[in-house]
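# Breakdown of the fold
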Amino acid sequence: MEERASTIAGGLAATGPVAAGAVKQKPVPVIPVRANPLKILGLVLGIITIAIVIATFVALVVYSLIAAVFPMGPLINASLVVILGVAACFAYFFGTNWLLDRVYPAQGDAAVANMAVTAQVRPWLFLGPAVVLLGLYLVYPVFNSLWLSFKDVNGREFVGTANYQWLFNDPEFRESFFNNILWLLIVPAGATLFGLLAAALTDRIAWGNFAKSLIFMPMAISFIGASVIWKFIYEYRGPDSEQIGLINAIVTFFGGDPQAWITVPFWNNIFLMIILIWIQTGFAMVILSAALRGISEETIEAAVIDGASPLQIFFKIKVPQIWGTIAVVWTTITILVLKVFDIVLAMTNGQWNTQVLANYMFDWMFRGGGDYGRASAIALVIMAMVIPIMIWNIREARKDMT
Amino acid sequence: MSALQLNDVYKSYGETEVIHGIDLEIDEGEFIVFVGPSGCGKSTLLRMIAGLESITAGELQIGGERVNEMPPSQRGIAMVFQSYALYPHMTVYDNMAFGMRIAKASPEEIDRRVRSASEILQLNEYLTRLPKALSGGQRQRVAIGRAICRDPKVFLFDEPLSNLDAALRVATRIEIAKLKESMPETTMIYVTHDQVEAMTLADRIVVLSAGYLEQVGAPIDLYERPANLFVAQFIGSPAMNIVSATLAKAGKISTVRLASGNEVKVPIATDKELEGTAVSLGFRPEDMTLITGKAKALIEGPLSLVESLGEVTNLYFDLEGTPDPLVAKTPGTGDFKRGEHVKFTADPDKMHLFGADGRTLLR
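### Points about the environment of threonine 322 of chain B
Residues and elements named next belong to chain B. With respect to the helices and strands, the residue threonine 322 is situated in the loop between β17 (312–317) and β18 (326–331). For threonine 322, a count of 16 C-beta atoms within 10 Å puts it in the partly exposed group. As for threonine 322 and asparagine 68, which are separated by 254 residues in sequence, their C-alpha atoms are 47 Å apart.

Okay, here's the thing in structure tokens:
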């Protein structure tokens, strides 16, 4: 962490003076329309740096002043930080914009040329912080993980492919991988199917919108929260005590024997998946319902005249027309499923053969001392599975938009 | 036996009645055009015939059989929609074959019918394409082809040309006329708000207004003998001029006095008891003559707008006491200025008289 922070700070410091110099040179009256890309880069970095430094500095000063005058409790302290943070963001966008308009004023002899330059620069100023933060928190960790996956427990010694060799021979990794594939096959299919059914059926009834909000509601619950709810559904008490779990209550009502459902090998995987399907059906339903409504009414009427039954209209006219959307919903849930972690952690923590990759990675990284190398190797396996689906998903979604 | 019959047909949406009792008999092989302004109920009526809208009251017969409760697919109809309504995920061939596949026709039969329809419509080279790879005119032909494949007794068109550009519209209109010639047995019902389509295609035109049937007749009949003010003004472009007047003298030949005091003798017989009552005098822009010099004019006023179309010039002028400007069609072009005072006569033989209730006073 420290190493990372210092390189970033160094980078910022290095670009500072160069960029500031570029800014000073600018106010010459006539500037060619196609400005030198290096100059523009310098200008962008300069303005970003100045704006970030000033905004951060002002925010810190204001914070220290207030903190010095009023002693604060943690709650007020936190609120103040949030408010100042948002204010600093506003100041950043406002300030960079203002600065750019000072350097290249949209008036005078060079107005047209200046506007051409500002049009090229402005997007980068506004995107700048996002690009920097994404780089810092997404791109850098990817490369760092890749690097660490070839190193030992502490991330010091280079060990070659030893971590990967261990991985492919590790029975628990195989179990996690197998379970992940199971999740991959069942959850997206289940959620999309139920979502499609819900979308099609709720469109046909008077209280459809009410039903839709009920089905959508689990989306608002965190995975951990949902797991707690479902724990009560699968809850098992010893054979002699009263069963408070919903399923065991039903089973005993019909005279069956109560079971500890989440310990039943293989089937407990399915029981965990049901939770995610329950959550994601709402998502699938909302997107697919919008797509179904987008279908031209006249094609359906044409099919009615052609003699198609409601079922044939659904499967032969409606579903093929929203196939692109179904694919996007499916893959979006697939990506989510590959990262599944919270539900398994809260329900079984990987016991009774329910381990999945994300939880297994978490185990190696944060439990029992931590193993940077092996945890990173597992993380990269997850990433390798997600990326192709993600690329396809983004392409498909773009195709849908145009 | 009539191909299609509407007996006192009504349509209501809840409390709102939109079709107010329509009687109509259509013969086999006739080309019927429903025409009327937007919201007159022509599309609703067509959709009721198709079975896409229920019939609130009255009876619809196709081929002598009551079909009110029959699903659309069994009524022996085919419909061409305004937006083509092609199935976007199917090729041209599959679009045309869909109905027959649903009906479980044999593949040979499907192939034969699709080929013959695509032959008629020159779609052979497009059979494997998706609709999105076709132009607007080609899509419309596929939609017609899909209808032909159903081999219907009654062909329904719902404003099929309104999504096409002007040149294509004319070309497709001619194609539809040819199609009708090649299918003399098939009855066609065609909805449009374009009176040129109505005049050129129809054997008989059905003029609708606000859910009422105004008049049914051959195109030239409607033009020459409109039954009421609405039809008189709806058929013909620019619309017929209507001037309020008084029936000065009734008889075999009626004398009509305009607000200006000018009188005209019209060869229309009127009842004695109507003498002195208010009537409307109608004459078409193309029956008017521009006069110059001292000759006595029937109507005159300042020019408010000149439309030079090349072969004709439309002259719009204001007449005192009439809210909308009147129009006269003069052949060729001319040197006209806005505000210029123009004088016209009109052919009394081609004038129309309408009573206070808007009905035509007959010759």
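### Section: the environment of valine 386 of chain A
Residue and element names in this part refer to chain A. By the secondary structure assignment, valine 386 is in helix α16 (residues 372–401). Taking the C-alpha atoms as reference points, valine 386 and glycine 42, 344 residues apart in sequence, are found 36 Å from one another. Every residue in contact with valine 386, bar those within four places of it in the chain, is listed here: Ile335 and Leu338.

### A few points about the pairing of strand β9 (residues 204–209) of chain B
Residues and elements named next belong to chain B. Bridging between strand β3 (residues 31–35) and β9 involves 4 bridges; their strand directions are parallel. Each residue of the ladder has a partner; that of isoleucine 32, found in β9, is arginine 204. Here 5 bridges tie β9 to strand β10 (residues 212–217), and the two strands are oriented antiparallel to one another. Opposite isoleucine 205, over in β10, you have glycine 217 as the bridge partner. If you look at the hairpin formed by β9 and β10, you'll find 2 residues sitting between the two strands, and alanine 210 has a positive phi there, around 50 degrees.

### Some remarks on the domain arrangement of chain A
When the domains of chain A are assigned, the result is domain 1 (2–148) and domain 2 (162–401). Computed from C-alpha coordinates alone, the two centres of domain 1 of chain A and domain 2 of chain A are separated by 41 Å.

### Some words on the sheet that holds strand β12 (residues 254–258) of chain B
Residue and element names in this part refer to chain B. Across the sheet, 6 strands lie side by side as β13-β12-β11-β14-β20-β21; this open sheet has antiparallel pairing. Taken across any chain shown, the strands that pair with only one partner, and hence form the sheet edges, are β13 (263–266) and β21 (360–361). Direction of pairing for strand β11 (residues 241–249) relative to strand β14 (residues 278–283): antiparallel, over a ladder of 6 bridges. Bridge pairing in β14 places asparagine 241 opposite phenylalanine 283.

The rules behind these values
Residues numbered from 1 in each chain as written. Chains lettered and ligands numbered in written order. Predicted model: local features only at pLDDT ≥ 70, side-chain atom pairs only at ≥ 80, totals over all residues. Helix = DSSP H or I, 4+ residues; strand = E, 2+ residues; numbered from the N terminus. Buried ≥ 20, exposed ≤ 12 C-beta atoms within 10 Å, placed from the backbone. Contact = placed C-beta atoms within 7 Å. Pairing = 2+ DSSP bridges. Domains from an automatic or database assignment.

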